[in-house]
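Each chain, letter by letter, is given below.
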Amino acid sequence: MKLVGFRYCFRQLKKFSGAVYHLQNWRELRQGAKRESRGEILAQPPVLKFRNGLEIETGPGSYANHDFLFREIFLEKCYQPTPDFVPRQGWTVVDLGANLGFFTCQAASAAADVRVVSVEPIYTELLRKNIAANRLNGTLVVPGAVCGTPIENIPLIIWFTP
């Protein structure tokens, strides 16, 4: 029982310290999440303001929910196959299911001349807004999804050369 509590506390501390490290407005986001958790409806959706200059707007009512994508992409680096993986100059990155653009913005701003193709069927307007706000001109938004029929096997080949 104590080990579970320790793991939970460690994850919370890692998330909190990661937010402080990456985000300029972590206090505002934390306060907004507290207010939403008490049932308050906040007029403006939260904008994550990163210390490196990125700004990512989320949807209404998401002060308490923005941390999932933030933690997954910026802290756990779930889209990076190795710790030293970073898109490099001249690369083309495809973001399937780009959502609000967390990974799109991270990849497009990683190096000069990185091109990103963001495929997203639902949140295309907010995705475009986040791309424009960060002046990520080498990014193309494709309003769609990648899918197949239930009886098809669709091979997905992932190639990575460090």
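Residues numbered from 1 in each chain as written. Predicted model: local features only at pLDDT ≥ 70, side-chain atom pairs only at ≥ 80, totals over all residues. Heavy atoms only, no water.

A. The nonpolar core, seen in detail. Among the nonpolar cores identified, the biggest contains 30 residues, and Leu23, Leu48, Phe50, Phe70, Phe74 and Phe102 are the most heavily contacted of them. Within the residue set of this core, elements represented by two or more residues are α2 (26-37), α3 (66-75), α4 (102-108) and α5 (124-133). Those residues in contact with phenylalanine 70 that sit more than four places away from it in its chain are Gly18, Ala19, His22, Leu23, Leu48, Phe50, Leu75 and Phe102. (Core = buried A, V, L, I, M, F, W, Y, C linked by side-chain atoms within 4.5 Å. Buried < 20%, exposed > 50% of the residue type's maximum accessible area, 1.4 Å probe, protein only. Helix = DSSP H or I, 4+ residues; strand = E, 2+ residues; numbered from the N terminus. Contact = heavy atoms within 4.5 Å.)

B. Main features of the pairing of strand β4 (residues 115-119). Sheet topology note: the strand β3 (residues 92-96)/β4 ladder contains five bridges and is parallel. For valine 94, the partnering residue across the bridge sits in β4 and is valine 117. With respect to chirality, the unit in which β3 leads through α4 into the neighbouring parallel β4 is right-handed. As paired strands, β4 and strand β5 (residues 139-142) are joined by four bridges and run parallel to one another. Each residue of the ladder has a partner; that of valine 116, found in β5, is threonine 139. What joins β4 to β5 is α5, and the crossover it makes is right-handed. (Pairing = 2+ DSSP bridges. Right-handed = clockwise from strand over helix to strand, strands pointing away.)

C. Just α2, in detail. Helix length check: α2, at twelve residues, gives a terminal C-alpha distance of 16 Å against a target of 16 Å (1.5 Å per residue), a fit within 8%. Those residues of α2 not exposed but buried are Trp26, Leu29, Gly32 and Glu36. Buried residues of α2 fall within an arc of 125° about the axis and therefore sit on the same side. Directly after α2, the chain includes glycine 39, whose backbone phi takes a positive value near 95°. (Expected span 1.5 Å × (residues − 1). Arc of directions from axis to C-beta.)

D. Main features of the sheet that holds β5. One open sheet accounts for three strands, arranged β3-β4-β5; its pairing is parallel. If you trace the sheet from one side to the other, it starts and ends with β3 and β5, each paired once. Shown here is a sheet whose adjacent strand axes are inclined to one another by a mean of 15°, direction ignored. Sheet contacts for α5: β4 and β5; angle to β5, the most-contacted strand, approximately 175°. (Axes fitted to C-alpha atoms, helices over the stretch in contact; angles between N-to-C directions.)

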